[in-house]
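Results of the structural survey
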Amino acid sequence: MTVTLTELAELRLRTFVRGTPNPTPTRGIRLAVKDGGCNGYEYDIKVANAPRSDDEVTELGSLKVFVDPKSAPLLDGVVGLRTGHARWATVARCLKRLT
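The following paragraphs examine the structure supplied in this document. Fair warning: this is a prediction, and the values are worked out from it, not measured in the lab.

Turning to the overall build of the protein chain, a few remarks are in order. Across its full length, the protein chain holds 3 helices and 6 strands. For the protein chain, the α and β elements follow one another from N to C terminus as β-α-β-β-β-β-α-α-β. Within the protein chain, the fraction of its 99 residues that count as buried is 39%. Looking at the protein chain as shown, the accessible area adds up to about 5900 Å², and 51% of this sits on carbon and sulfur atoms.

As structure tokens, then:
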């Protein structure tokens, strides 16, 4: 799975990661799909300190994106994400494509 972000989404996500306390070189963004929402799934975006051993890791410049193996096929082909979390709303609208 390849993650592609708009320049604005990448900038905002990098800003969130750098703005969290005690940044580490392995810190990145975790994208996940969870049960719930209107259609049976909801998207989750969090700052993560490091990837898990089975995560797919994509590096976009200095931004690391972690996706667990269960979520990866569900994100394949997604063109946009919406989250219920207000601080991610702008970033989610800027996501260009996840394939």
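Further remarks concern the nonpolar core. Counting 14 residues, the largest nonpolar core has Leu5, Leu13, Ile29, Leu31, Leu63, Val65 and Val67 as its most contacted members. Among the elements of the structure, helix 1 (7–19), strand 2 (28–35), strand 5 (63–67) and helix 2 (72–75) are those that each provide at least two residues to this core.

Here the focus is the sheet that holds strand 2. Here we have 4 strands laid out as an open sheet, ordered 3-2-5-4, and mixed in their pairing. Every interior strand has two partners, whereas the edge strands, strand 3 (41–48) and strand 4 (56–60), have only one. Taken over all neighbouring pairs, the strand axes of this sheet differ in orientation by 25 degrees on average, direction set aside. As paired strands, strand 2 and strand 5 are joined by 3 bridges and run parallel to one another. Bridge pairing links Leu31 to Val67 in strand 5. Against the sheet, helix 1 touches strand 2, strand 3, strand 4 and strand 5, its axis set at about 90 degrees to strand 5.

As defined by bridge partners, strand 4 adjoins strand 5 across 5 bridges and the pair is classed as antiparallel. Bridge pairing links Glu59 to Lys64 in strand 5.

Inspection of the secondary structure puts Ala50 in the loop between strand 3 and strand 4. Residue Ala50 is classed as partly exposed on the basis of its relative accessible area of 34%.

Evaluation of the coordinates by the stated rule reveals 4 salt bridges. Its salt-bridge partner being Asp55, residue Arg30 comes within 2.7 Å of it at the nearest N-O pair. Pair noted here: Arg30 is in strand 2 and Asp55 is in the loop between strand 3 and strand 4, with a separation of 25 residues, a long-range link. For the pair shown, Arg30 and Asp55 are each scored as buried. Residue Asp44 pairs with Lys34 through a salt bridge whose shortest N-O separation is 3.9 Å. Of this pair, Asp44 sits in strand 3 while Lys34 sits in strand 2, and the two are 10 residues apart along the sequence. For Lys34, a relative accessible area of 38% puts it in the partly exposed group. A cluster of three or more residues bridged by salt bridges with shared partners is formed by Lys34, Asp44 and Lys46.

Analysis parameters
- Residues numbered from 1 in each chain as written.
- Predicted model: local features only at pLDDT ≥ 70, side-chain atom pairs only at ≥ 80, totals over all residues.
- Heavy atoms only, no water.
- Helix = DSSP H or I, 4+ residues; strand = E, 2+ residues; numbered from the N terminus.
- Buried < 20%, exposed > 50% of the residue type's maximum accessible area, 1.4 Å probe, protein only.
- Areas by Shrake-Rupley, 256 points an atom, 1.4 Å probe, with all protein chains shown as cover.
- Core = buried A, V, L, I, M, F, W, Y, C linked by side-chain atoms within 4.5 Å.
- Pairing = 2+ DSSP bridges.
- Axes fitted to C-alpha atoms, helices over the stretch in contact; angles between N-to-C directions.
- Contact = heavy atoms within 4.5 Å.
- Salt bridge = Lys/Arg side-chain N within 4 Å of Asp/Glu carboxyl O.

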